[in-house]
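Observations on chain architecture
Given next are the chains, with one letter for each unit.
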Amino acid sequence: MRKTLVVGNWKMHKNLTESQALITEIRGIVRDEFRHNHAQIVICPTALALASSARLVEGSEITIGAQNVNEHKEGAYTGEWSAAMLKSAGVTHAIIGHSERRQYYNETSAVCALKNKAAVTEELIAIYCIGESLSERENNQFLEVLQLQLEEGLDSISADEMNVVVIAYEPVWAIGTGKTATAQQAQDIHAFVRQWLAGKYGQPVADATRILYGGSVKPDNAKDIFGQPDIDGGLIGGASLKPRDFFDIIRAAQ
Ligand code: PEP
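An account of the accompanying structure is given in this report. Keep in mind that what you see is a predicted model, and the values were worked out from it rather than measured.

1. Concerning the overall build of the protein chain
For the protein chain, the helix and strand inventory stands at eleven helices and eight strands. Computed over its C-alpha atoms, the radius of gyration of the protein chain comes to 17 Å, within 12% of the 18 Å expected for a compact globule of 254 residues. Seen along its three principal axes, the alpha-carbon backbone of the protein chain occupies a region of about 45 × 45 × 35 Å. With 254 residues in all, the protein chain has 53% of them scored as buried. Within the protein chain, contacts between residues separated by at least 24 positions form 71% of all contacts whose residues are at least 6 apart in sequence. Per element, the accessible surface of the protein chain, about 11400 Å² overall, is 51% carbon and sulfur. When the 24 positive and 31 negative side-chain charges of the protein chain are each reduced to one mean point, those points stand 6 Å apart.

Right under this line is the structure:
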């Protein structure tokens, strides 16, 4: 039985004071309204706010994730931080290969493979993002693209290590655009990903791995999307900055 997971990705929004206020507000709603059948909750603020956010959520149902992690253990990599450093700040998860990082920072699936390995080695849960562009969907190349992202990004991850990996399917054309994949379109891809996982790691690993959907999830479409058999929660951008909307999405994901 897979525990549903909802991850909020704040991207580059909120300064330190604003982040602390937002975390505190979400923590308050969760304290008052969280029920055991609601989804597990991870919030990914900017790097600046990771350590203080982790302290603020101590003892709550929320844990903190990073939006990126470096593939190296340590060294002369100005502006970067390692998986072990994230762990030391109380961070539990790291988003890897988000389409914005692939697009603006040239992160390839090969680089993501190193980042996934670095995260799982430290038992930091890797949320590995895959997704096709609009033209790849329209040209009917999307299954090949997704398969390649899976093959390359998970290249050196063993079956045992998959218990600290989550996959997030985020069609690039649905991120921040207000366009959502239909529940059926998303389900078809999730079933494809699970089948691919079964081929590489065996059915028990495929059955245990959580596959999240991301792309303009809102309170009014969350239930339909999360109701699909192979969708185990969501990666939420815009709506995660609105505490009430974010909690309504968590509630929809049971
Ligand atoms: C995201 O940032 O991963 C995302 C899915 O954004 P949005 O929900 O705003 O489309």
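2. Notes on the site of the ligand
Around the ligand, the surrounding shell holds 14 residues, and the nearest of these are K11, H98, E170, G176 and S216. In this structure, H98 approaches the ligand through a side-chain N or O atom, which is 2.8 Å from an oxygen atom. A distance of 2.9 Å is found between an oxygen atom of the ligand and a backbone nitrogen or oxygen belonging to G238. Residue composition of the shell around the ligand, grouped by class: four nonpolar, eight polar and two charged.

3. Focus on the pairing of strand 8 (residues 233–236)
Of the two faces of strand 8, the one holding G233 and L235 and the one holding G234 and I236 are both buried throughout. In this structure, strand 1 (residues 5–9) lies alongside strand 8, joined through four bridges in parallel fashion. Opposite V6, over in strand 8, you have G234 as the bridge partner. Pairing of strand 7 (residues 211–214) with strand 8 involves two bridges; the strand directions are parallel. For Y213, the partnering residue across the bridge sits in strand 8 and is G234. For the crossover from strand 7 across helix 10 (residues 219–226) to strand 8, the handedness is right-handed.

4. Points about the side chain of S19
Topologically, S19 is positioned in helix 1 (residues 16–33). Residue S19 is classed as buried on the basis of its relative accessible area of 0%. Polar contacts involving the side chain of S19 include one to the main-chain carbonyl oxygen of K14, which spans 3.5 Å. Leaving out residues up to four positions away in the same chain, S19 has contacts with W10, K14 and A49.

5. Quick look at the pairing of strand 5 (residues 125–130)
Of all six residues that make up strand 5, six are buried, and the element is covered over most of its length. Where strand 4 (residues 93–96) meets strand 5, four bridges bridge the pair, whose relative direction is parallel. When the sheet's bridge partners are listed, I95 is paired in strand 5 with I127. Where strand 5 and strand 6 (residues 165–169) come together, five bridges link them in parallel fashion. Within strand 6, the position partnered with C129 by the bridge is A168.

Analysis parameters
- Residues numbered from 1 in each chain as written.
- Predicted model: local features only at pLDDT ≥ 70, side-chain atom pairs only at ≥ 80, totals over all residues.
- Heavy atoms only, no water.
- Helix = DSSP H or I, 4+ residues; strand = E, 2+ residues; numbered from the N terminus.
- Rg over C-alpha atoms; globule rule 2.2 N^0.38 Å.
- Buried < 20%, exposed > 50% of the residue type's maximum accessible area, 1.4 Å probe, protein only.
- Contact = heavy atoms within 4.5 Å.
- Areas by Shrake-Rupley, 256 points an atom, 1.4 Å probe, with all protein chains shown as cover.
- Lys, Arg positive; Asp, Glu negative; His and termini not counted.
- Charge placed at Lys NZ, Arg CZ, Asp CG, Glu CD.
- Near = heavy atom within 4 Å.
- Polar contact = N/O pair within 3.5 Å; in protein donor to acceptor, adjacent residues only side chain to side chain.
- Nonpolar A, V, L, I, M, F, W, Y, C, P; charged D, E, K, R; others polar.
- Pairing = 2+ DSSP bridges.
- Right-handed = clockwise from strand over helix to strand, strands pointing away.

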